Amino acid sequence: MSQMSVAAAPTAERTQHPRRYLMCRPDHFTVSYSINPWMEPANPTDTALAVQQWQRLHDTYLELGHEVELIDPVAGLPDMVYTANGGFAIDGRFYAPRFRFEERKGEEPAFIDWARGHGFEVVLPQFTNEGEGDFLLAGDVILAGRGFRSSDDSHREVARVFDREVVSLTLVDPRFYHLDTALSVLDPVVAEGQTPTVAYLPDAFDEASRAELERRFPDAIRVADADGAVFGLNSASDGKNVFISPRATGFEAQLRERGYNPVLIDLSELLLGGGGIKCCTLELRGGAR
Ligand code: ARG
């Protein structure tokens, strides 16, 4: 092999990969129960503002060339706006959710019906799992969160369903109860065998998981606590544009340094339910149009 150049690499030129997302208008959004530390039923919520902020995220996806599918919101299911928990889809196969808390179980049939109606082969789970909130596709492997919501058994189940390696990561901070609140995959598409860039909040994981992340993703972006605490990691990325909270200013700068284009979207009202940009975005891989 010829000698490799060791000169400082210029900032990588990032490539956008158009995505297809499932979203749910927060017409019935409110905080009427508490299943995570962000939710305070005593604090008032402004549903109209939630819809307005959500609409901006939706419209920005479309303006940047993404496709957005919509699932009808159901009265009495205020958390349905967080569609990331509604399933996990790869290659037209849709692993359905089984929510940890009673309050969200009513969402299960809605997401299952939606997926069936859109050409997915739906696999019904035996074990508690909260969809893409805890399962993130990173190149060939599935990163899987545990500790608060999705069960260890669901990690084994998802490995079988998609016939892929699953890397279990243990979350330890109750504010970051889903994997997608603590880790973001910045390259949704990579060449076979390549590793995507990820960003994560080290303190959200136990020591063994941190070591595993360091080993697998040596050049990951490690995000500061201040950015994690405003849900900066709860972001979506198309490989170039990274949709993040405007409050995550440190992460924004880190992304620019790496050649990504941060797109700032404020979902402050939806944060009252403990969710942000990624929570409102389920990636659809396969299925019918
Ligand atoms: N209130 C919802 C819950 O606690 C928020 C879900 C956020 N979703 C996510 N993908 N992190 O279940």
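You'll find the structure just up there.
Along each chain, the written sequence defines residue order, and numbers are assigned to residues from 1. Where totals are concerned, whole chains, interfaces and linings use all residues; where local detail is concerned, this predicted model gives features only for residues with pLDDT of at least 70, and gives and counts side-chain atom pairs only at 80 or more. Just so you know, side-chain values use all the structure's heavy atoms and leave hydrogens and water out.

1. Remarks on the site of the ligand
Now for step 1: Working definition: residue near molecule or strand if any one of its non-hydrogen atoms lies within 4 Å of it. Within the structure, the ligand sits among 17 residues, and Arg104, His178, Asp180, Gly273 and Cys279 are positioned closest to it.
Now for step 2: Definition of a polar contact: a pair of N or O atoms within 3.5 Å, with one able to donate and the other able to accept a hydrogen when the atoms are protein atoms, and with sequence-neighbouring residues admitted only if both atoms are side-chain atoms. Separating a nitrogen atom of the ligand from a side-chain N or O atom of His178 is a distance of 2.8 Å.
Now for step 3: Classification convention: Asp, Glu, Lys, Arg as charged; Ala, Val, Leu, Ile, Met, Phe, Trp, Tyr, Cys, Pro as nonpolar; all other residues, Gly among them, as polar. Broken down by class, the residue content of the shell around the ligand amounts to 6 nonpolar, 7 polar and 4 charged.

2. Side note on the nonpolar core
Generally speaking, a soluble globular protein has its nonpolar side chains buried in company with each other.
Now for step 1: For our purposes a nonpolar core is just a set of buried Ala, Val, Leu, Ile, Met, Phe, Trp, Tyr and Cys residues, chained together by side-chain atoms within 4.5 Å. The buried label applies to any residue whose accessible area, calculated with a 1.4 Å probe on protein chains only, is under 20% of its type's maximum; exposed applies above 50%, and partly exposed to all values in between. Residues Leu143, Leu169, Leu183, Phe205, Phe251 and Leu255 are the most contacted members of the largest nonpolar core, which totals 36 residues.
Now for step 2: Secondary structure elements are taken from DSSP: a helix is a run of H or I of four residues or more, a strand is a run of E of two residues or more, and numbering for both begins at the N terminus. Those elements that place two or more of their residues in this core are strand 6 (135–138), strand 7 (141–146), strand 8 (166–170), strand 9 (183–185), strand 10 (198–200), strand 13 (241–244) and helix 7 (249–257).
Now for step 3: Among the elements that make up this core, the one with the highest residue count is strand 10 (3 residues).
Now for step 4: In terms of nonpolar packing, the next biggest core, distinct from the first, is built from 23 residues, Leu57, Tyr82, Phe243 and Cys280 among them.

3. Looking at unusual backbone geometry
Now for step 1: The backbone phi angle of Asp163 is positive, close to 50°, even though this residue is not glycine.
Now for step 2: Structurally, Asp163 can be placed in the loop between helix 4 (152–162) and strand 8.
Now for step 3: Under the relative-accessibility criterion, Asp163 is labelled exposed at 70%.
Now for step 4: Non-glycine residue Phe231 carries a positive phi angle of around 65°.
Now for step 5: Along the chain, Phe231 falls in the loop between helix 6 (225–229) and strand 12 (236–237).
Now for step 6: Given the relative accessible area of 3%, Phe231 is considered buried.

4. A few points about the pairing of strand 7
It is a general feature of regular strands that their side chains alternate between the two faces of the sheet.
Now for step 1: Among the 6 residues in strand 7, 5 count as buried, and that is most of the element.
Now for step 2: Two strands pair when backbone bridges link them, and strand 6 and strand 7 are joined in this way by 4 bridges, in the antiparallel orientation. Looking at strand 7, one finds that Leu136 is bridged to Leu143.
Now for step 3: When DSSP finds at least two bridges between two strands, those strands are taken to pair. Hairpin connection of strand 6 to strand 7: 2 residues between the antiparallel strands, including Gly139 at a positive phi of 65°.
Now for step 4: Relative to strand 8, strand 7 is paired through 5 bridges, and the arrangement is parallel.

5. Considerations on the packing of aromatic side chains
Now for step 1: Two aromatic rings, drawn from Phe, Tyr or Trp (for Trp, its six-membered ring), form a pair once their centres lie within 6.5 Å of each other, and the interplanar angle then sorts them: stacked below 30 degrees, edge-to-face above 60, tilted otherwise. Across all of its chains, the model carries 11 aromatic pairs by this definition.
Now for step 2: An angle of 70° between the planes, with centres 4.8 Å apart, marks the rings of Trp38 and Phe231 as edge-to-face. One end of the pair, Trp38, is in the loop between strand 1 (20–23) and helix 1 (47–63); the other, Phe231, is in the loop between helix 6 and strand 12, with 193 residues separating them in the sequence. Here the two residues Trp38 and Phe231 agree in accessibility, since each one is buried.
Now for step 3: Ring centres 5.4 Å apart and planes at 80° place the aromatic pair Phe88 and Phe162 in the edge-to-face group. With a gap of 74 residues between them, Phe88 in strand 3 (residues 88–90) and Phe162 in helix 4 connect regions that are remote in the sequence.
Now for step 4: Relative accessible area serves as the criterion here: at 0%, Phe88 is assigned to the buried category.
Now for step 5: Using a relative accessible area of 10% as the deciding quantity, one classes Phe162 as buried.
Now for step 6: An aromatic cluster is defined as three or more aromatic residues linked by ring pairs; in this entry it consists of Phe88, Tyr95, Phe135 and Phe162.

6. Digging into the sheet that holds strand 15 (residues 282–283)
Now for step 1: Strand order across the open sheet formed by 3 strands is 2-1-15, with mixed pairing between neighbours. In this open sheet, the two strands that pair with only one neighbour each are strand 2 (67–70) and strand 15.
Now for step 2: Alignment of strand 1 against strand 2, held across 4 bridges, turns out to be parallel. The residue of strand 2 that forms the bridge with Tyr21 is Val68.

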